[in-house]
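Structural features, examined
This is what each chain is made of:
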Amino acid sequence: ANVDHPGGMISGHLLVNRVPGNFHLEARSKSHNLNAAMTNLSHIVNHLSFGQPLNQIQKRKMKKFPEYTSTAPLDGNVYVNKDYHQAHHHFSKVVSTHYEVDGMLSRKNKIMGYQMITQNQIMHYKEDDVPEAKFSYDLSPMAVVVTSKGRRWYDFLTSLCAIIGGTFTVVGLLDTFLHKFLKDKGL
C-alpha cells in the first residue's frame, strides 16, 4: 500500500466448527461508494493456522518430526492481482495430527497440531461485482497419529547377541565346509 492507495491490515482469530467452511475479505464500506472496477485485493498472508499455537517446549519436541512442516503453508506468501476484476481464492485441506512424544521416565507427552495442504487460484469477476479474497477450508474427519519410540537398552543387547551368534554360526559353517573340502582334496 502507498499514500495514494492505502491498504488495510486484518488480524484476528476465528472459532470454527469441525466442518468445511470459508471466510471472505472484501472491500466494502457503509460510508463510501467503492468502484468495483478499481478494487484490488492483492494481499500478503502473514500467518494463517488452525488450532492452539504450540509453546516453546512443544516446538522443541516437534523438531524430531521433520514431516511437521506444513502447519502454515500460506505464511509469508504474497498474492498480487495484476489485473482488475480478479482475486485469489485459497483452498486448504486441514488434518489434525496427534504426536506422542517420549517424555521423562517413559511417560508419553501428547501434542495436537494441524497440518494443511493448500492450493491457490485466481478467480475472475464481472465488471460490476466487487472481488473478494476467499479462504476455504475443509477439516478432515480423519486424524494422523505419529508416535516416536526409542530403542531400549535390552533391544540393543538382543540385537548385538543376534549379530554375534549369526557371525559365529556362519564362520562355523564356513570352517566345516572348508575343512571337509580340503580334507577330500588331500591338502
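Given the structure is predicted, the values throughout are model-derived calculations rather than measurements.

Considerations on the overall build of the chain
Each helix and strand in the chain was counted, giving two helices and six strands. Counted from the first residue to the last, the chain has its helices and strands arranged as β-β-α-β-β-β-β-α. Long-range contacts, defined here as pairs at least 24 residues apart, represent 78% of the contacts in the chain between residues at least 6 apart. Entry remark: accessible area of the chain is about 14500 Å², with carbon and sulfur atoms responsible for 59%.

Here's the deal with the pattern of salt bridges
Going through the model one piece at a time under the given rule, you end up with one salt bridge. A salt bridge links Lys93 to Asp138, with the shortest nitrogen-to-oxygen separation between them at 3.0 Å. Remark: Asp138 occurs in strand E6 (residues 132–147) and Lys93 occurs in strand E4 (residues 86–102); sequence separation between them is 45 residues. For Lys93, a relative accessible area of 34% corresponds to the partly exposed category. Judged by relative accessible area, Asp138 falls into the partly exposed class, the value being 28%.

Overview of helix H2 (residues 153–185)
In this model, H2 (33 residues) spans 48 Å end to end at C-alpha, consistent with the 48 Å of a helix rising 1.5 Å per residue. Of all 33 residues that make up H2, zero are buried, and the element is exposed over most of its length.

Side note on a nonpolar patch on the surface
A contiguous nonpolar surface patch, about 680 Å² in accessible area, is contributed by Trp153, Tyr154, Phe156, Leu157, Leu160 and Ile164. Looking at the element boundaries, Leu160 is found in helix H2.

Cut-offs used in this document
- Residues numbered from 1 in each chain as written.
- Predicted model: local features only at pLDDT ≥ 70, side-chain atom pairs only at ≥ 80, totals over all residues.
- Heavy atoms only, no water.
- Helix = DSSP H or I, 4+ residues; strand = E, 2+ residues; numbered from the N terminus.
- Contact = heavy atoms within 4.5 Å.
- Areas by Shrake-Rupley, 256 points an atom, 1.4 Å probe, with all protein chains shown as cover.
- Salt bridge = Lys/Arg side-chain N within 4 Å of Asp/Glu carboxyl O.
- Buried < 20%, exposed > 50% of the residue type's maximum accessible area, 1.4 Å probe, protein only.
- Expected span 1.5 Å × (residues − 1).
- Patch = residues over 30% accessible without salt bridge, like charges linked within 9 Å, V, L, I, M, F, W, Y side chains within 5 Å.

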